[in-house]
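# Geometric and topological summary
Each chain, written out:
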Amino acid sequence: MDTRKEKFPYGIPDHNLTEIEREIPADEPPAWPVNDQLQEVGKRRIRVDARAKVTGEAKYTSDIRLPGMLYAKILTAKVPHASIRNINTQEAEKLPGVHAVHILRNEDNSYPDVKYVGQPVAAVAADSLDIARQATRMIQVDYLEKPFVIDVEQAMKPEAPLVFDAPIARQADGGDVGVVHDGSKGQGNLRGPSTSSFFGGPRGDLEAGFSQADVIVEQTYRTQVQTHVPLETHGVVIDWKPEGMTVYASTQSTKDVRDELADYFDLPKSRVRVICEFMGGGFGAKHSTSPYGPVAAILSQKTGRPVWLMLERKEEHLMAGNRPNSIHYLKIGAKKDGTLTAIQQRSHGTAGVALGAGVGRVAQILYECPNFATEQYDVLTFAGPGAAWRAPGNVQGAFGVEQAIDELAEKLNLNPLAYRDKIDQSEVRKVLRQRGAKQFDWSRWKPAGSSTGTIRKGLGVAQSTWPRFVDLDSTVEVKIYRDGAVEVRSGVQDIGTGTKTIMAQIVAEEFGLKTADVIVRIGDTIFPDAPGSGGSKVTGSITPPTRNAAYKAKMELFKQIAQQWQTDATKLVASNGMILHKDDASKKVSLKEALQRMRTGQITASASRSDDYGGFAQPWGLAHGHLGSVQFAEVTVNTDTGMVKVDRIVAAHSCGRPINLTQIESQINGGVIQGVSYALYEDRVMDEATGHMMNPDVDRYQIAYSMEIPAIEPIIVEEYPALSSTDAYGIGEPANIATAAAVANAVYNAIGMRMYEIPITPARILKALNHLDQ
Amino acid sequence: MQMKEDSNKPDTNGFTRRKFLRGAGITTAGSVLLNTGLLAADFHSAPETGSYMGPDAVTVQMQINGQMEHLTIEPRTTLATALRDHAGLTGTKVVCDRGSCSACTVWIDGKPVNSCMTLAIDVGGREVTTIEGLAPGGNLHPVQEAFIEHDASQCGYCTPGMIMTCAHLLKENPNPTLEDVKIATRGNLCRCGTYPHVFKATLAAADKMK
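Analysis parameters
Residues numbered from 1 in each chain as written. Chains lettered and ligands numbered in written order. Predicted model: local features only at pLDDT ≥ 70, side-chain atom pairs only at ≥ 80, totals over all residues. Helix = DSSP H or I, 4+ residues; strand = E, 2+ residues; numbered from the N terminus. Buried ≥ 20, exposed ≤ 12 C-beta atoms within 10 Å, placed from the backbone. Contact = placed C-beta atoms within 7 Å. Nonpolar A, V, L, I, M, F, W, Y, C, P; charged D, E, K, R; others polar. Pairing = 2+ DSSP bridges. Axes fitted to C-alpha atoms, helices over the stretch in contact; angles between N-to-C directions. Domains from an automatic or database assignment. Expected span 1.5 Å × (residues − 1). Core = buried A, V, L, I, M, F, W, Y, C linked by C-beta atoms within 7 Å. pLDDT = per-residue confidence, 0-100. Parallel < 35°, antiparallel > 145°, perpendicular 65-115°, else oblique. Left-handed = near helix turned anticlockwise from the far one by under 90°.

### Here we look at the overall build of chain B
A count of helices and strands for chain B gives 8 helices and 5 strands. Secondary structure elements of chain B, listed N to C terminal, follow the sequence α-α-α-β-β-α-β-β-β-α-α-α-α. Each of the 210 residues in chain B was classed as buried or not, and the buried ones make up 53%. In chain B, once contacts between residues fewer than 6 apart in sequence are set aside, the share between residues at least 24 apart is 63%.

### Examining the interface of chain A and chain B
Taken together, the contact between chain A and chain B spans 42 residues of the former and 43 residues of the latter. With 7 residues, the single largest contributor to the side of chain A that touches chain B is helix α16 (residues 661–680) of chain A. Per-class residue counts for the side of chain A that touches chain B are 18 nonpolar, 13 polar and 11 charged.

### Some points on the sheet that holds strand β28 (residues 644–654) of chain A
Residues and elements named next belong to chain A. With respect to topology, 4 strands assemble into an open sheet ordered β19-β27-β28-β29, the strand pairing being mixed. Across the chains shown, the open sheet's two edge strands, defined by having one partner strand only, are β19 (455–469) and β29 (711–717). Neighbour-to-neighbour, the strand axes of the sheet open up by a mean angle of 15°, direction not taken into account. With 14 bridges connecting them, β19 and strand β27 (residues 622–638) associate as antiparallel partners. Paired with Leu459 across the two strands is Glu634, which belongs to β27. The strands that helix α12 (residues 427–440) touches are β19, β27, β28 and β29; relative to β27, the one it contacts most, it runs at about 25°.

### Some details on the domain arrangement of chain A
Residues and elements named next belong to chain A. Assigned domains within chain A: domain 1 (37–52 + 471–608), domain 2 (64–148 + 234–310), domain 3 (162–219 + 324–399) and domain 4 (426–468 + 621–773). Taking only C-alpha atoms, the centre of domain 1 and the centre of domain 2 are 40 Å apart. Contacts between the two partners involve 13 residues from domain 1, matched on the other side by 17 residues from domain 2. The class makeup of the residues in the side of domain 1 that touches domain 2 is 3 nonpolar, 8 polar and 2 charged.

### Thoughts on the sheet that holds strand β25 (residues 588–590) of chain A
Residue and element names in this part refer to chain A. The strand order β23-β24-β25 describes an open sheet built from 3 strands, whose pairing is antiparallel. Here the strands that pair on one side only, and so sit at the sheet edges, are β23 (572–575) and β25. Across the sheet, the mean angle from the axis of one strand to that of its neighbour is 20°, orientation sign disregarded. Against the sheet, helix α14 (residues 538–565) contacts β23, β24 (578–581) and β25, and its axis sits at roughly 120° relative to β23.

### Some details on unusual backbone geometry
Residues and elements named next belong to chain A. In the segment running from Ser290 into Pro291, the intervening peptide bond is cis, with an omega of 5°. Cis geometry marks the peptide bond from Ile758 to Pro759; its omega dihedral reads 0°. The residue Asp14 is not glycine, and still its phi comes out positive at about 60°. We classify Asp14 as exposed; it has 9 C-beta atoms within 10 Å.

### As for helix α18 (residues 739–751) of chain A
Residue and element names in this part refer to chain A. Under the 1.5 Å per step criterion, the end-to-end length of α18 is 19 Å for 13 residues, consistent within 8% with the ideal 18 Å. Burial within α18 is extensive, with 13 of its 13 residues counted as buried. Phi turns positive, to about 75°, at Gly752, one or two residues after α18.

### Concerning the nonpolar core
Residues and elements named next belong to chain A. By size, the foremost hydrophobic cluster in this structure holds 273 residues, and its most contacted members are Ala72, Val247, Val507, Val743 and Val747. By residue number, the principal contributor to this core is α18, which donates 10 residues. Ala72 has contacts with Ala123, Val124, Ala125, Ala132, Ala296, Leu299, Val307, Trp308 and Leu309, leaving out every residue within four places of it along the chain. By size, the runner-up hydrophobic cluster in this structure holds 11 residues, among which are Phe8, Ile24, Ala31 and Leu723.

### Quick look at the confidence of the model for chain B
Caution applies to low-pLDDT parts of the model: their predicted coordinates are not meant to be read in detail. Residues and elements named next belong to chain B. The share of residues in chain B with pLDDT of 70 or more is 76%, and the mean pLDDT across the chain is 83. In the predicted structure, residues 1–44 sits below a pLDDT of 50 and forms 57 contacts with residues beyond four places in sequence or in another chain. Reported for the predicted complex are a pTM of 0.94 and an ipTM of 0.96.

### Thoughts on the domain arrangement of chain B
Residue and element names in this part refer to chain B. If you check the domain split of chain B, you get domain 1 (16–131) and domain 2 (136–209). Facing the 17 residues of domain 1 at the interface are 14 residues of domain 2. With 3 residues, the top contributor of residues to the side of domain 1 that touches domain 2 is strand β3 (residues 105–108). Looking at the side of domain 1 that touches domain 2, its residues break down into 10 nonpolar, 6 polar and 1 charged.

### Observations concerning helix α6 (residues 254–264) of chain A
Residue and element names in this part refer to chain A. Among all positions of α6, only Thr254, Lys255, Asp256, Val257, Arg258, Glu260 and Leu261 are buried. The secondary structure elements touched by the buried residues of α6 are β12 (244–249), β13 (272–275) and α7 (292–303). One or two positions beyond α6, positive phi appears at Asp266, with a value near 55°.

### Observations regarding the packing of helix α11 (residues 416–423) of chain A against α12(A)
Residue and element names in this part refer to chain A. It is at 10 Å that the axes of α11 and α12 come closest, and there the two elements cross at 160°. Viewed along their axes, α11 and α12 adopt a mutual orientation that is roughly antiparallel. The crossing of α11 and α12 is left-handed. Contact residues: α11 offers Leu417, Arg420 and Asp421, while α12 offers Lys430, Arg433 and Ala437.

### Points about the packing of helix α10 (residues 394–411) of chain A against α11(A)
All names here are of chain A. Running from amino to carboxyl end, α10 crosses α11 at an angle of 100°, the nearest separation of the two axes being 9 Å. The orientation of α10 relative to α11 falls into the category roughly perpendicular. Side by side, α10 and α11 meet where Ile405, Asp406 and Ala409 of the first sit next to Pro416, Tyr419 and Arg420 of the second. Along the lines of polarity and charge, the residues of the contact of α10 with α11 split into 4 nonpolar, no polar and 2 charged.

Dropping the structure here:
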């Protein structure tokens, strides 16, 4: 491969910004300067699809209406553990308006065993959703009920009913689900442990480490099961014609859904087209369409008609994924000067009938510590499968680790922020702490117990880390047209994060256009393959090929213009809607006119994600460095009622080169709000006697609404690692990891009692305070 | 036909879905009107037809976004379903389908309601405004413009309901405080957590409308 040397901005502006020389592929564009000197990138730009969203014109999967389309409804199991003796669909089939009934079966035609309430059993396609609902209620299922267990600690006992009596491989769906193992080890309902991640396995010698420690914190932290509740439930509209299957899917990965359905029905991938133009929220659980996608496809095949199948809200809670709970034991030792000597971690959690309930990598990598070991166990229970949920595992992990660090700081008589300065080696988090503390006015912090009276105030801080993931299978096509259009295409989907807009900004920057001038066509597998929206990897994966494809198309155009001007293409620049000669002011032409002079009607260029400049930490796409976050929380606790209110969060984040400041702030707001909601309100309540979820809706399953929203002040720190042609990374997951721990630390600071379990409900606060009074 | 009789009988607890919907539907998005006593007022003013319809389809006429529409629907059809599946107006979203999230907010005679909790047959003859009707002739409502400018949508699925709520607030209260906006939207669920920009946009729209 031809390469050339190129100098890139490197480091953090107003801190340690310098230049670094990298060897890069010869056909990649020259280095961009820092954002200050760019026109469209790094600026606040309106979402390219904002108008469609505010007028109701945006068509989501649930809004797709095709000629002859039928509506489908799934019948779900009403018991948590059973074998099915018989299913009678006769009455349902007779109901006027019903077109097809499908019963889920094993390959040998037997009925699958029921393992959780909400597991799909059968489905109906009818003229309307009301008729389909009515028909599912007419299906009679004869269950042979069996014993079951819901509670994690009960499920671990040797006498507990077994969810599976053989090794299982089913991982929680979607992207990076934390630290995983193959499910083959373990006894009873216990699987694991996993003891390593892609950052390695155990380090050093725990015993030796603890023997060097002057202070030790040893605690168990507990987190609850959280469900995703994207406003648009999971679903598909599938039109299966003899020539191929068209799938409209509410998904985080058009590519994964295509591959999944092609695989399931043994079709060539080229015969499955997946479209997702607008998507009503996913948060990790929408990488797969299992189990409802194949059901819709079969109903479409049976009826010869398009079939609409969106889950109802209750079904979404039960079958479409959740963040597993955790019982998280931590033992951390430190010397008098604060140096960490050993970290021991052990966790148990349940992703229901799936694996993937770890506590992530926070304890392993956030702080340097020579002696470390983790054991992360999955506990199988008779509940719906977990799925990736915004920073899977790591949110649970950070809740424990970042409280334990505060506890250590207190034992060492250190300010918790100063203590992090001491033990945290990350340069970018150092800057985040400085800028965050200034904005927050951390100097107001006083030791726990300083606030007295009925209404008490507290301040807390917590931080987190997230890898820079890159999906190398990321391709973008840029087309320029003789009529003046500039278009960018890719299979990648925009799940509300603003992917369409940042792609437009990048192409606009390259062509000297405005963001709004660029046409963005994405979310369709007829376009080149691109990453799923998981692991916060889309921005880091898709923006470099976007820029590189735009650059290639531009250079092709430049070549044609340069020929006319009898000069060299490298002498031309695109700026402000014009193409100019760098050294000859007399030579200029508007981009529009230049496009009219093209030899062909279109120029198309495509580019795929190249390796990071200087390579990866892991060749599959784990980049060097990390995404930092430091969040500060200010809370009020009413000691009479036990109510906690989060008043303010300052959230300091880095995500490489920021592309669209407004959209990044929107995502930070969202991550913080979901974190507050997780810390204080959300909780999947299961009835252990029946195996039913008691709050499968959005009122009894409590989520932060407008009245619970704190003042949120995002701080975005530019950082240039010089790793790609854009140096940009995602913000989705980092925004969500530290919040619950920051809130818990602030609550402790307010009332002097530490909350080892979330959600921090009034009952838990009052219980803790009564304990204090005794 | 057996079915026909059965579907008209009250169920075992003596409370039909229809009666329940009639009480709960013509109220409000979220809990806003609970404060103003309109919940009770609407309960008493709900139309009493005194006769049964259906289960076969009936024709209902209503004014939707200034246009008189005749919809042939089953009596059990909610206003949300009538709009989305029969009138082709999919801007109105169904999220919880039980009146808890306000994503389905439309205006009936200028007042916000949860269209998932309103039977379409109860809207006969009244005026329905949906998100599609808020920008007649493509001229955006100031709240829509402010939502664009202040990035008050992420996934955008709550946006139509959120805008119908905020636009109604500004009709009633042209000078809202931040607290007023929070109270007005407290029944509107946004899972992406876009609230801070919704608040900003609504306050900015109020300023612009002065």
